[in-house]
Amino acid sequence: MLNFSTKSERLKGKAELTRLFTRIGNENGNKRQCKKGQKIFEGSSIRTEDNSTVYILIHEEGRNDFTKIFENTQVTVEKMQKLSSGEEDILLDLIKGELLINVENMPQGSSFKVKTPTAITGVRGTRFDVRILEDLVTRVLVLQGKVFLGNLSQFIEQKIIELSAGEHSTVRPDEPPQQPQTLDPEIQQQYEDMAEKIVEAINEGNLAQTIEDKESVPEKPEEQFKDGDEFIGPDGKKYIYSEDAGGFIGPNGEFLSPGDAIDMQSRYEEHIYEDGDE
């Protein structure tokens, strides 16, 4: 068991996103459109929709640790602290969807955990992926390092297994984790390639232009949206996208073109946590 100092400070993270229509909220229930460079703190809740991707980066010089939040994912940052001893203590609550995580450069003795509706994972200095499948089944695959995996159920005897690089397991509700299985080499390579591209892009300071994202960006603004998509403007008004109208319709019938919505989003500078902004 790790011995942590009781003194701590908030560890800053920031979001890099590749699509519009990602929501970020805090513990007070306030919600905003997530924007590039958005500060992430304890209590932040992020929800991505179709064709949306967010990367959470640790806001420190020389760090290339990241958490990739895939489309149609909801995750809450339950804990994000830097202890006075220099160790970090991070807990993510994955409600649905998928996360790809690289924490190779965390200070020695740090703790990084991911909780799902059925499982809890604990890691140190590793690269892994967590995904919630149908029926709340949690799937964990390990690319580098080791992951400890357990079930959160109160109705069965607790069992913790250790997964090494190249292994995967699943956890079903009210069942212990499946014994480690060998990961398909092709699947492992696909995830490794994805992670390496992200790390390279972070090191180059050009994350938004990673190959995987650049290839899938629609050429026309309207191709990014579908009927019913919502856009919350800086004025707080909700606009609903209409394919028939070819744009967003406001509460009083105002029309907003897809291009204007994208431009408005790129210029939107409001932060949720004003006291955390520099």
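Computed from a predicted structure; not experimentally measured.

1. With respect to the sheet that holds strand β21 (residues 238-242)
Then, number 1: The 4 strands lie next to each other as β20-β21-β22-β23, forming an open sheet whose pairing is antiparallel. Two strands close off the open sheet at either side, each with one partner strand: β20 (230-232) and β23 (255-256).

2. Remarks on unusual backbone geometry
Then, number 1: A positive phi angle, close to 55 degrees, is found at N72, a residue other than glycine.
Then, number 2: Note that N72 resides in the loop between β8 (66-69) and β9 (74-83).
Then, number 3: Of note in this structure, L136 is not a glycine but carries a positive phi near 60 degrees.
Then, number 4: With respect to the secondary-structure elements, L136 resides in the loop between β14 (127-132) and β15 (138-144).

3. Re empty space enclosed by the protein
Then, number 1: Counted by the stated rule, this structure contains 1 cavity of 30 Å³ or more.
Then, number 2: Considering only enclosed or pocket space, the largest cavity measures out at about 120 Å³ in volume.
Then, number 3: Together, 15 residues line the largest cavity, and I56, I58, T67, I90 and F112 are the ones closest to its centre.
Then, number 4: Elements represented by at least two residues in the lining of the largest cavity include exactly β7 (54-58), β8, β9 and β10 (88-96).
Then, number 5: The biggest single contributor to the lining of the largest cavity is β7, with 3 residues.

4. Considering the packing of aromatic side chains
Then, number 1: Summed over the entire model, instances satisfying the criterion amount to 1 aromatic pair.
Then, number 2: Relative to F248, the ring of Y241 lies with its centre 5.1 Å away and its plane at 65 degrees, an arrangement referred to as edge-to-face.
Then, number 3: Owing to a relative accessible area of 5%, Y241 belongs among the buried residues under this scheme.
Then, number 4: Seen from the ring of F70, K68 lies directly overhead, with NZ or CZ sitting 4.6 Å from the centre.

Thresholds applied
- Throughout this description, residue numbers start from 1 for each chain and increase along the sequence as written.
- Predicted model: local features are reported for residues with pLDDT of at least 70 only, side-chain atom pairs are reported and counted for 80 or more only, and whole-chain, interface and lining totals are derived from all residues.
- No hydrogens and no water enter the side-chain calculation; it runs on all heavy atoms of the structure.
- Criterion used throughout: strands pair if DSSP finds at least two bridges between them.
- Only runs of H or I of at least four residues qualify as helices and only runs of E of at least two qualify as strands under DSSP, and these elements are numbered from the N terminus.
- The definitions used throughout rest on a 1 Å grid laid over the protein atoms alone, on which a cavity is an enclosed set of points accommodating a 1.4 Å probe that cannot get out and a pocket is an open set flanked by protein within 12 Å on both sides along at least five of seven lines; lining residues are those having an atom within 4 Å of a point.
- Grid points are joined across faces, edges and corners, and a volume is the space filled by probe spheres set on the points.
- By convention, a stacked pair of Phe, Tyr or Trp rings (six-membered ring in the case of Trp) has centres within 6.5 Å and planes under 30 degrees apart, an edge-to-face pair has planes over 60 apart, and any other such pair is tilted.
- Residue burial is assigned from relative accessible area. The probe radius is 1.4 Å, only protein chains are included, and a residue is buried under 20% of its type maximum, exposed over 50%, and partly exposed in between.
- Geometrically, a charge over a ring is one whose NZ (Lys) or CZ (Arg) sits within 6 Å of the ring centre while staying within 35 degrees of the ring normal.

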